[in-house]
Amino acid sequence: MKHALLVACLSVTSWLAQAGEAQPMAQDPQVEARLVVISEELRCLVCQNEALSSSHAELAEDLRREVRKLIRDNKTDAEIKTYLVERYGDFVLYKPPLKPLTWPLWFGPFFLLVLAIGGFWRYLRQRRQLTHNHLDAAQRAQAEQLLKD
Amino acid sequence: MKKFLLPLVLFAVLVVFLGVGLKRDPREIPSPLVGKPAPVFSLPTLNGDKPFSPVDMKGQVWIFNVWATWCVACREEHPLLVQFAKSQRIPIVGLSYKELQGSDASNAQSSEADKLQLARERSLKFLQKAGDPYKLSVMDLDGSVGINYGVYGVPETYLIDKEGIIRYKRVGPVTPEILIETILPLIQQLDKPA
């Protein structure tokens, strides 16, 4: 595993080393524009915290080539994403889809928030009861008596 | 007593979550391909026989192993594959993944046929030296078949059943433990006569 990572990183460095000539960009500016938009939302599988649009990993390069091809074939964004999800799983999407498996991910924070608000409300109520009721009439009279003396 | 219990329980839950998180390998991505038919392709083989397609393997359980001579982790698992091949349990088919890298691959002067020739020479040289566990290897120079199999870190290993369904995927080198504890029992289960 470590080796694979090493290879990936080394191949990135070797790519940088020979990056003398510019990439054949913008053969079709429209395709490139769409590519950038779509690949912003896709994750590079090798450098997992990088978007596919900005990654220099070789696999990212290949995947961009595939996406370019799909764009030229007039595929919709959804179709292109499905194409990648079928091969690499939901993991390639930066925005995970809403399905039972990801419910805890999407709703978990709200659930925790409701729980926290409920707990806080109960705590406040207890405190209020505490301050309001801790003297009964007799004790109050006693206290007044003490203050008068 | 109860006052101390709640933070303690919260702490324990946190420790469990962090512990599980530590143990998991973030590079290992569950493959959506397990349980699905192996993607079809037709690629030239290493020794120049007629092109190979996964359909040719219908009716038998087989291993599909993605490798390259530049891949260090592949060399790590290679002796184990050679040993496994000697047992003649089930055939291993190799996918030579993007054998040519960098300037060799992007060299505009050499034709596709030249590139294929160069990749074959390199792969054969390696297999002659280190042993050849493969029934045959296919050449995926541009990595497009690799993309169809969801390859993102060589070596990768797939176990494919008699109907051509992918039953297991391993990313990274196959270790003796994985072979004995996971792959062999699975082969036994899949290889039962129907």
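Heads up: these notes are all about the structure in this document. (Residues numbered from 1 in each chain as written. Chains lettered and ligands numbered in written order. Predicted model: local features only at pLDDT ≥ 70, side-chain atom pairs only at ≥ 80, totals over all residues. Heavy atoms only, no water.)

1. Observations concerning the interface of chain A and chain B
Next up, step 1: Taken together, the contact pairs 22 residues of chain A with 28 residues of chain B.
Next up, step 2: Together chain A and chain B conceal approximately 2100 Å² of surface at their shared face, both sides included; 55% is due to carbon and sulfur atoms.
Next up, step 3: Across the contact surface, chain A and chain B share two salt bridges.
Next up, step 4: Of the charged contacts in the structure, one is a salt bridge between Lys98 of chain B and Glu58 of chain A, with a shortest N-O distance of 3.4 Å.
Next up, step 5: In this assembly, chain A and chain B are joined by five residue pairs in polar contact (both at pLDDT 80 or more). (Contact = heavy atoms within 4.5 Å. Buried area = accessible area lost by both parts, 1.4 Å probe. Salt bridge = Lys/Arg side-chain N within 4 Å of Asp/Glu carboxyl O. Polar contact = N/O pair within 3.5 Å; in protein donor to acceptor, adjacent residues only side chain to side chain.)

2. Focus on the packing of aromatic side chains
Residue and element names in this part refer to chain B.
Next up, step 1: For the structure shown, the criterion picks out ten aromatic pairs over all chains.
Next up, step 2: Geometrically, the ring pair formed by Phe41 and Phe64 is stacked, given 5.9 Å between the ring centres and 20° between the ring planes. With Phe41 in the loop between helix H1 (2–23) and strand S1 (62–67) and Phe64 in strand S1, this residue pair connects regions lying 23 residues apart in the sequence.
Next up, step 3: The class for Phe41 is buried, based on a relative accessible area of 8%.
Next up, step 4: For Phe64, a relative accessible area of 0% puts it in the buried group.
Next up, step 5: Here the aromatic rings of Phe52 and Trp62 are separated by 6.2 Å at their centres, their planes lie at 80°, and the arrangement is edge-to-face. Highlighted residues: Phe52 in the loop between H1 and S1 and Trp62 in strand S1, separated in sequence by ten residues. (Phe/Tyr/Trp six-rings, centres within 6.5 Å; stacked < 30°, edge-to-face > 60°. Helix = DSSP H or I, 4+ residues; strand = E, 2+ residues; numbered from the N terminus. Buried < 20%, exposed > 50% of the residue type's maximum accessible area, 1.4 Å probe, protein only.)

3. Digging into the nonpolar core
Next up, step 1: By size, the foremost hydrophobic cluster in this structure holds 75 residues, and its most contacted members are Tyr88 of chain A together with Phe64, Tyr149 and Leu159 of chain B.
Next up, step 2: If sequence neighbours within four positions are ignored, Tyr149 of chain B has contacts with Leu33, Ala38, Pro39, Phe41, Pro54, Phe64, Tyr158, Ile166 and Lys169 of chain B. (Core = buried A, V, L, I, M, F, W, Y, C linked by side-chain atoms within 4.5 Å.)

4. Description of the sheet that holds strand S3 (residues 136–140) of chain B
Through backbone hydrogen bonds, the strands of a sheet pair up, either in parallel or in antiparallel fashion.
Residues and elements named next belong to chain B.
Next up, step 1: Taken in spatial order, the five strands of this open sheet run S3-S2-S1-S4-S5, and their pairing is mixed. Sheet topology places S3 and strand S5 (166–171) at the edges, where each strand pairs with a single neighbour. Strand after strand, the sheet turns through a mean of 20° between neighbouring axes, direction not considered.
Next up, step 2: Both strand S4 (residues 156–160) and S5 contribute to a ladder of five bridges, which runs antiparallel. Of the residues in S5, the one forming a bridge with Tyr158 is Lys169.
Next up, step 3: Packed onto the sheet, helix H2 (residues 72–86) meets S1, strand S2 (92–97) and S4 and runs at close to 155° relative to S1. (Pairing = 2+ DSSP bridges. Axes fitted to C-alpha atoms, helices over the stretch in contact; angles between N-to-C directions.)

5. Some details on the state of the cysteines
Residue and element names in this part refer to chain B.
Next up, step 1: Here the structure, examined in full by the defined rule, presents one disulfide over all chains.
Next up, step 2: Paired through a disulfide, Cys71 and Cys74 show a sulfur-sulfur distance of 2.1 Å. Taking the sign of the S-S torsion, 90° for the link of Cys71 and Cys74, the bridge is right-handed. The burial state of Cys71 is the same as that of Cys74; both residues are buried. (Disulfide = S-S within 2.5 Å.)

6. Topic: the packing of helix H2 (residues 29–40) of chain A against helix H3 (residues 58–72) of chain A
Axes are the key here: two packed helices are described by the angle between their axes and the distance separating the axes.
All names here are of chain A.
Next up, step 1: Taken N-terminus to C-terminus, the directions of H2 and H3 make an angle of 120°; their axes are 10 Å apart at the nearest point. Relative to H3, the element H2 lies oblique. In this structure, H2 crosses over H3, and the sense of that crossing is right-handed. Residues Val31, Glu32, Arg34, Leu35 and Ile38 of H2 form the contact with H3, whose own contacting residues are Arg64, Val67, Arg68, Ile71 and Arg72.
Next up, step 2: Of the residues assigned to the contact of H2 with H3, the class counts are five nonpolar, no polar and five charged. (Parallel < 35°, antiparallel > 145°, perpendicular 65-115°, else oblique. Left-handed = near helix turned anticlockwise from the far one by under 90°. Nonpolar A, V, L, I, M, F, W, Y, C, P; charged D, E, K, R; others polar.)

7. Examining the pattern of salt bridges
Next up, step 1: Throughout the structure, instances matching the rule amount to 15 salt bridges over all chains.
Next up, step 2: Here Glu86 of chain A makes a salt bridge to Arg87 of chain A, at a shortest N to O gap of 3.7 Å.
Next up, step 3: Across the pair Glu112 of chain B and Lys115 of chain B runs a salt bridge whose closest N-O atoms are separated by 3.9 Å. In this pair, Glu112 of chain B and Lys115 of chain B both sit in helix H4 (residues 112–130), three residues apart, roughly one turn of the helix.
Next up, step 4: Overlapping salt bridges, with partners in common, bring together Glu58, Asp62, Arg65, Glu66 and Lys69 of chain A together with Lys98 of chain B in one network.

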